[in-house]
Amino acid sequence: CETCSKEEAKYRCPRCLKYSCSLLCVKKHKLTQSCNGVRDKTAFVSVNEFTDLNLLSDYRFLEDVGRTADAAARHCLVHSPATKRLLYCLRNKARGCNIELKTLPVGFTKRRENSTTFNSVENKFYWHLKLIFPHCHAEYTLKGVPDDKTLADILKPYIDPVESDPVVCQRLKVYTASPQSDVRILMKIENRSRNSVRYNELDASRSLLDNLKGKIIIEYPTLFVVLKTLKNDMVVLGQDGSEPAENSDSESSSLSSVEEGEIRDS
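Here the residue index of a chain counts from 1 through its sequence in written order. In keeping with the model being predicted, local features are shown solely for residues with a pLDDT of at least 70 and side-chain atom pairs are shown and tallied solely at 80 or more, while totals for entire chains, interfaces and linings include all residues. In computing side-chain values, all of the structure's heavy atoms are included and hydrogens and water are not.

Asks: Residues and numbers for the overall build of the chain, please.
Replies: In terms of regular secondary structure, the chain is built from ten helices and ten strands. Categorising residues by exposure relies on relative accessible area from a 1.4 Å probe, with only protein chains included: less than 20% of the type maximum marks a residue as buried, more than 50% marks it as exposed, and the intermediate range marks it as partly exposed. Sorting the 266 residues of the chain into buried and exposed places 35% on the buried side. Of all intrachain contacts in the chain linking residues separated by at least 6 positions in sequence, the fraction that spans at least 24 positions is 56%. Working definition of accessibility: Shrake-Rupley area with a 1.4 Å probe, residue cover restricted to the visible protein chains. For the chain, the accessible area works out to roughly 16,500 Å², and carbon and sulfur atoms hold 53% of it. Runs of E in the DSSP output that reach at least two residues are strands. Runs of H or I that reach at least four are helices, and both are numbered from the N terminus. The criterion used for residue contact is that any of the two residues' heavy atoms lie within 4.5 Å.

Asks: Could you give me a rundown of the UniProt feature "domain: HIT-type" (unreviewed entry) in the chain, with the residues and numbers involved?
Replies: On the UniProt side, "domain: HIT-type" (unreviewed entry) is annotated at positions that read residues 1–35 here. Along residues 1–35, the helical share is 31% and the strand share 11%, with 16 Å between the first and last C-alpha atoms. UniProt positions are given in the numbering used here, feature names are shortened, and annotations may be inferred rather than shown by experiment.

Asks: Can you break down the side chain of histidine 128 residue by residue, with the values?
Replies: Within the element layout of this structure, histidine 128 appears in strand 5 (residues 124–133). A polar contact is formed between the side chain of histidine 128 and the backbone oxygen of glutamate 113, at a distance of 3.1 Å. Residue contacts for histidine 128: discarding those within four places in its chain leaves Glu113, Asn114, Ser115, Thr116, Thr141, Leu142, Lys143, Tyr220 and Pro221. Here a polar contact means two N or O atoms within 3.5 Å. Within protein one must be a hydrogen donor candidate and the other an acceptor candidate, and residues neighboring in sequence count only if both atoms are side-chain atoms.

Asks: Go over the nonpolar core with me, naming the residues and quoting the values.
Replies: Among soluble globular proteins, nonpolar side chains are generally buried collectively. In this structure, Leu131, Phe133, Tyr158 and Leu172 are the most contacted members of the largest nonpolar core, which totals 34 residues. Secondary-structure elements contributing two or more residues to this core are helix 3 (81–96), strand 5, strand 6 (138–146), helix 5 (151–159), strand 7 (183–188), helix 8 (208–212) and strand 10 (222–227). The residues touching tyrosine 158, leaving out its near neighbours within four places in the chain, are Leu131, Phe133, Tyr140, Leu142, Ser164, Val168, Leu172 and Thr176. If you look at the next biggest cluster of nonpolar residues, it comprises seven residues, including Phe224, Val226, Met234 and Val236. Each nonpolar core is a collection of buried residues, namely Ala, Val, Leu, Ile, Met, Phe, Trp, Tyr and Cys, held together in the definition by side-chain atoms within 4.5 Å.

Asks: Would you mind going over helix 5 in detail, with residue names and values included?
Replies: Leu151, Ile154, Leu155, Tyr158 and Ile159 are the residues of helix 5 that are buried. The arc enclosing the buried residues of helix 5, seen along the axis, measures out at 110°, which places them on a common side. The arc in question is formed by the directions pointing from the helix axis toward the C-beta atoms.

Asks: Just give me the short version of the layout of surface pockets, but keep the residues and values in it.
Replies: The definitions used throughout rest on a 1 Å grid laid over the protein atoms alone, on which a cavity is an enclosed set of points accommodating a 1.4 Å probe that cannot get out and a pocket is an open set flanked by protein within 12 Å on both sides along at least five of seven lines; lining residues are those having an atom within 4 Å of a point. Grid points are joined across faces, edges and corners, and a volume is the space filled by probe spheres set on the points. Approximately 360 Å³ is the volume attributed to the second largest pocket. If you go around the second largest pocket, you meet 16 residues; those closest to its centre are Arg39, Asp40, Ala43, Val45 and Asn54. Amino acids are sorted into nonpolar (Ala, Val, Leu, Ile, Met, Phe, Trp, Tyr, Cys and Pro), charged (Asp, Glu, Lys and Arg) and polar (every other residue, Gly among them). Of the residues contributing to the lining of the second largest pocket, the split by class is seven nonpolar, four polar and five charged.

Asks: Please set out the confidence of the model for the chain residue by residue, giving values where relevant.
Replies: Per-chain confidence: the chain averages 81 in pLDDT, with 85% of residues scoring 70 or above. Confidence of the predictor in every single residue is expressed as pLDDT, which spans 0 to 100. A low-confidence stretch, residues 245–266 stays under pLDDT 50, and its non-local contacts, those more than four residues away or across chains, total 28 contacts.

Structure below.
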């Protein structure tokens, strides 16, 4: 058993392939590894290992995707004028704040779970926000985060050794035990090729709105919290020596005229 290292393993997780000896260890491994236990149908399989079962699995996966896409296209919300007006309003308000907000069609996971709203009375965004802590394989979803809240205040319930929840503190002990000066907040730069993924480093002392200005957001912001002292594979734009850092205005202007037209038309 890879969880308790005491008993003989009886089960193997379809997702991460770790061995467990009992239901208790299965649940514990799911909690500590943030594993859902569901087999990854899109996992890479080499040609030498590809069998008829893999072919059948791929065929069924494509059929499921087709059914999901068809159901999404028939969803009443897709053609709802109220929904279109709401999305147009969100994109328009975001553009007024120098933020390129892109929305996905109904049926996409990020579209379904996005709870971002704009309060016209307060003239303020309340963002749906996802925090990912790669060093602990943990992620948390926040709803209704006001855009004038600083990133430091947003992270306090998670990495502050005094104000964080005891359960969260224990899970993120690598972060809570590190000085605040070692914490870096990164956000992926959209519209880049897969072999050229880069991240922007955000300022924890500034508000969420200030940090999002000049950025491209797909549905909602996803922030990666990393430590300077621990190795990670995230390359910050301008710090890899291969290309200069871009300012916020140049990032937003990188959208092609076709993409801008699609946003306006939608």
